[in-house]
Amino acid sequence: MGLLSTIFGILCGFVNSIFSLFAFGIGTSIGLVIGYYAFINALPTDVEDVKVCPLVEDDLETLQRLIPEIPLWVKNPDFDRVDWLNKFIENMWPYLDRAICATAKNIAKPIIDEQTPQYKIQSVEFETFTLGTIPPTFQGMKVYTTDDKELIMEPSIKWAGNPNIIIAVTAYGLKATIQVLDLQVFGIPRITLKPLVGIFPCFANIFVSLMNKPHVDFGLKLLGVDLMAIPGLYRFVQELIKDQVANMYLWPQALEVQIMDPEQALKRPLGILDVTVVRAVKLQRKDLLGKSDPYVKLNLREEKVAFKKTTVKRSNLNPEWNEEFSFVIKDPATQVLELRVYDWDQVGTHEEMGLNVVPLKDLTPDEPKVLTLVLLKTLNPNDPQNDKPRGQLVIELVYKPFKEDEMLDDIDDSGMMEKAPEGTPAGGGLLVIIVHEAQDLEGKYHTNPHVRLLFKGEERKTKRIKKNRDPRWDEEFQFRLEEPPTNDRLHVEVYSTSSRIGLLHSKESLGHVSINLVDVVHNRRVNEKYQLIDSRNGRVQIELQWRT
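Quick caveat: nothing in here was measured; it's all calculated off a predicted structure.

## Some details on the overall build of the chain
Of regular secondary structure, the chain possesses seven helices and 26 strands. Burial status across the chain gives 37% buried among its 548 residues. When contacts within the chain are restricted to residue pairs at least 6 apart in sequence, long-range pairs at least 24 apart make up 66% of them. Accessible area for the chain stands at about 34000 Å²; split by element, carbon and sulfur atoms hold 56% of it.

## A few points about the sheet that holds strand β26 (residues 539-547)
Judged by pairing direction, the sheet is antiparallel, and its four strands sit side by side in the order β22-β19-β26-β25 without closing on themselves. Whereas interior strands pair on both sides, the edge strands pair on one side only; in this sheet they are β22 (472-481) and β25 (525-531). Going across the sheet, the axis of each strand differs from the next one's by a mean of 20 degrees, ignoring polarity. Judged from the nine bridges that link them, strand β19 (residues 429-439) and β26 form a sheet pairing that is antiparallel. Bridging across to β26, Leu 430 finds its partner in Arg 547.

## Some details on the pairing of strand β18 (residues 392-401)
Sheet topology places strand β11 (residues 271-281) next to β18; 10 bridges connect them, and they run antiparallel. Considered in β18, the bridge of Ile 272 is made with Lys 400. Bridge analysis of strand β17 (residues 369-374) against β18 gives six bridges, and the strand direction is antiparallel. Note on β18: the bridge partner recorded for Lys 369 is Leu 397.

## Quick look at the pattern of salt bridges
Oppositely charged side chains are able to pair whenever their charged atoms sit close together. With the rule as written, the count across this model stands at 18 salt bridges. Between Lys 175 and Glu 127 there is a salt bridge, with its nearest N and O atoms 3.1 Å apart. On the criterion of sequence distance, the pair formed by Lys 175 in strand β5 (residues 174-187) and Glu 127 in strand β1 (residues 121-130) is long-range, its members being 48 residues apart. Overall, the relative accessible area of 53% leaves Lys 175 in the exposed class. Taking the shortest distance from any N to any O, the salt bridge between Arg 279 and Glu 320 comes out at 3.1 Å. In this pair, Arg 279 sits in strand β11 while Glu 320 sits in strand β14 (residues 320-329), placing the two residues 41 residues apart along the sequence. Judged by relative accessible area, Arg 279 falls into the partly exposed class, the value being 32%.

## What about unusual backbone geometry?
Positive phi values are uncommon outside glycine, yet Asp 366 reaches one of about 65 degrees. Following the sequence through the fold, Asp 366 ends up in the loop between β16 (351-359) and β17.

## As for the packing of aromatic side chains
For the structure shown, the criterion picks out four aromatic pairs. When the centroid spacing of 5.1 Å and the interplanar angle of 35 degrees are considered together, the rings of Phe 126 and Phe 129 count as tilted. Here Lys 158 stacks its cationic end above the ring of Phe 186, 5.7 Å away from the centre of that ring. Over the aromatic face of Phe 479 sits the side chain of Arg 460, whose NZ or CZ is 4.3 Å from the ring centroid.

## Some words on the confidence of the model for the chain
Put simply, the chain has an average pLDDT of 75, and 72% of its residues get 70 or more. Least confident of the elements in the chain is helix α1 (residues 2-42), whose mean pLDDT is 42; most confident is strand β20 (residues 449-455), at 90. Between residues 1-40, whose pLDDT stays under 50, and residues either more than four places distant or in other chains, the model counts zero contacts. For the stretch residues 405-415, pLDDT sits under 50, and the model shows 22 contacts to residues farther than four places along the chain or on other chains.

## Observations concerning the nonpolar core
One broad rule of soluble globular proteins: the nonpolar side chains tend to lie buried together. Core analysis: the biggest nonpolar cluster contains 29 residues, and Leu 431, Leu 490, Ile 542 and Leu 544 have the highest contact counts within it. Contributions of two or more residues to this core are made by β19, β20, β22, β23 (489-497), β24 (507-516), α7 (518-523), β25 and β26. The residues contacting Ile 542, other than those within four sequence positions of it, are Ile 433, Ile 434, Val 435, Val 492, Ile 515, Val 526, Asn 527, Glu 528 and Tyr 530.

## As for the sheet that holds strand β15 (residues 336-343)
Strand order in this open sheet of four strands is β13-β12-β15-β16, and the pairing throughout is antiparallel. Edge strands, defined here as strands with exactly one partner in the open sheet, are β13 (308-309) and β16. Examined bridge by bridge, strand β12 (residues 294-300) and β15 share seven bridges and lie antiparallel to one another. Bridge pairing in β15 places Pro 294 opposite Asp 343.

## So, the environment of Glu 352
Considering the arrangement of structural elements, one finds Glu 352 in strand β16. Judged by relative accessible area, Glu 352 falls into the partly exposed class, the value being 27%. A sequence separation of 11 residues divides Glu 352 from Val 341, and the C-alpha atoms of the two residues are 6.0 Å apart. Beyond its immediate sequence surroundings of up to four residues, Glu 352 is in contact with Arg 340, Val 341, Tyr 342 and Lys 377. Separated by 2.9 Å, the side chains of Glu 352 and Arg 340 make a polar contact. Separated by 3.5 Å, the side chains of Glu 352 and Tyr 342 make a polar contact.

## A word on the side chain of His 450
When you line up the elements, His 450 lands in strand β20. Every residue in contact with His 450, bar those within four places of it in the chain, is listed here: Lys 461, Thr 462, Lys 463, Arg 464, Trp 473, Glu 493, Val 494, Tyr 495 and Thr 497.

## As for a nonpolar patch on the surface
On the surface, a cluster of nonpolar side chains totalling about 310 Å² of accessible area is made up of Phe 88, Met 92 and Tyr 95. Its location among the elements puts Phe 88 in helix α4 (residues 83-115).

## Observations regarding the environment of Asn 205
Following the sequence through the fold, Asn 205 ends up in strand β7 (residues 203-210). Judged by its relative accessible area of 6%, Asn 205 is buried. Sequence separation of Asn 205 and Thr 192 is 13 residues, and the distance between their C-alpha atoms is 8.1 Å.

## A few points about the side chain of Gln 335
Mapped onto the elements, Gln 335 comes out in the loop between β14 and β15. A polar contact is formed between the side chain of Gln 335 and the backbone nitrogen of Asp 331, at a distance of 2.9 Å.

Rules used throughout
Residues numbered from 1 in each chain as written. Predicted model: local features only at pLDDT ≥ 70, side-chain atom pairs only at ≥ 80, totals over all residues. Heavy atoms only, no water. Helix = DSSP H or I, 4+ residues; strand = E, 2+ residues; numbered from the N terminus. Buried < 20%, exposed > 50% of the residue type's maximum accessible area, 1.4 Å probe, protein only. Contact = heavy atoms within 4.5 Å. Areas by Shrake-Rupley, 256 points an atom, 1.4 Å probe, with all protein chains shown as cover. Pairing = 2+ DSSP bridges. Axes fitted to C-alpha atoms, helices over the stretch in contact; angles between N-to-C directions. Salt bridge = Lys/Arg side-chain N within 4 Å of Asp/Glu carboxyl O. Phe/Tyr/Trp six-rings, centres within 6.5 Å; stacked < 30°, edge-to-face > 60°. Lys NZ or Arg CZ within 6 Å of the ring centre and 35° of its normal. pLDDT = per-residue confidence, 0-100. Core = buried A, V, L, I, M, F, W, Y, C linked by side-chain atoms within 4.5 Å. Polar contact = N/O pair within 3.5 Å; in protein donor to acceptor, adjacent residues only side chain to side chain. Patch = residues over 30% accessible without salt bridge, like charges linked within 9 Å, V, L, I, M, F, W, Y side chains within 5 Å.

Right under this line is the structure:
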């Protein structure tokens, strides 16, 4: 009987639940129907259709309300219409958003690191940083022309964006999150590009000033609480920002951003230096079998251009090269040619065998000169290590200055682009990849970085540098291709490896990036710093050359 009572109780409960749900559905449906008809009957019956009336001159009140919304290119003939720029910004905004945010974080990081100790703050991290999906709008642009080598622009910018910036602040062991959202910025900055030069991007500096106090409005939440809702705080913060920004950047004060060294940019190319690496004599033995695999690196000292290097001569202490190289010369009175001989190793670091330099002021124009350079350990004349014989390097130099009517104003600063070697297919070429350096690398367990390149199924690696967050490699890799790599990508990954036996995390990735090669095919040379994906601040500088 007890079992039957239990089953009967369960069935009664089930039936009761079914009827309850049914009653709830019937009641909800009846309520919605009654509410709908009550809403319809409650609407006013004397509502008139909206009438669109033309704006007349006597309607001053409506005109005054509309004036702030009228673009400047309508109200002021000095401003030009820039719909094309707005369309460009709209299409590029997803990429501009990422680039601007990455740049802003890189600029803010050292400033934050400098200020946090005095306020006893342990850390400040950007958890989320995006400017949202709404790009700024340009209401018009005024352009000035002057007698100086400069370009002055004054764009009218209105931006009511939907950014999402979340900053985590840790102090005294407690963590607080601050969120910035609903940003509005209205202003007219003056942007000056000067001096204008004959080297891309054709200007050396950017100066940004404000012609009046900008309008800045935003929402600010701390731990989920809207701080701007506190009485009096909203207006205080808004005026404080206006005054601080105006004090720093209100014209004639300006924010200066240097693009290139103006002195170097304004120097005109004066000639070409042709260098022939002839041979080396009596080099040191570096390999276990009593031989070496030498090659020579050449570059102009203190010039931000890629080095050039000869081929590797295997197992040879008296190698013959007879290989020619060319450099663009801008200041023969101060520039110096540096030559370094290395022993190539398949595994590990290429060991330096010796170096020497040639000041260009010692050369007579248009006169070939053969030099036999004694290889040194260092350039310090008092270094006792230079007394040890390291061999000699024979080179031939000739400096060819331009005639006055042959002066080049627009030659690239990187030197003459070399051609692909003989035997390269007619429709193809040589893809040269130079891994220069990386910055702000940070491993979780160790930071011993090397770069791994993946292209068309082939893998190349740089040497490993121990305990260095800002390593420099300057290593070159070449791929001979049957056709231009317009549809190919180069995968670059920075790894850190540890030689400690038994370490659980002996290898870890410090970031990666995928590079589209279509630009190097069209431009012949690309030299950029790429932000590493899955890295907080890491960047890697890769130079690409397409030689045909």
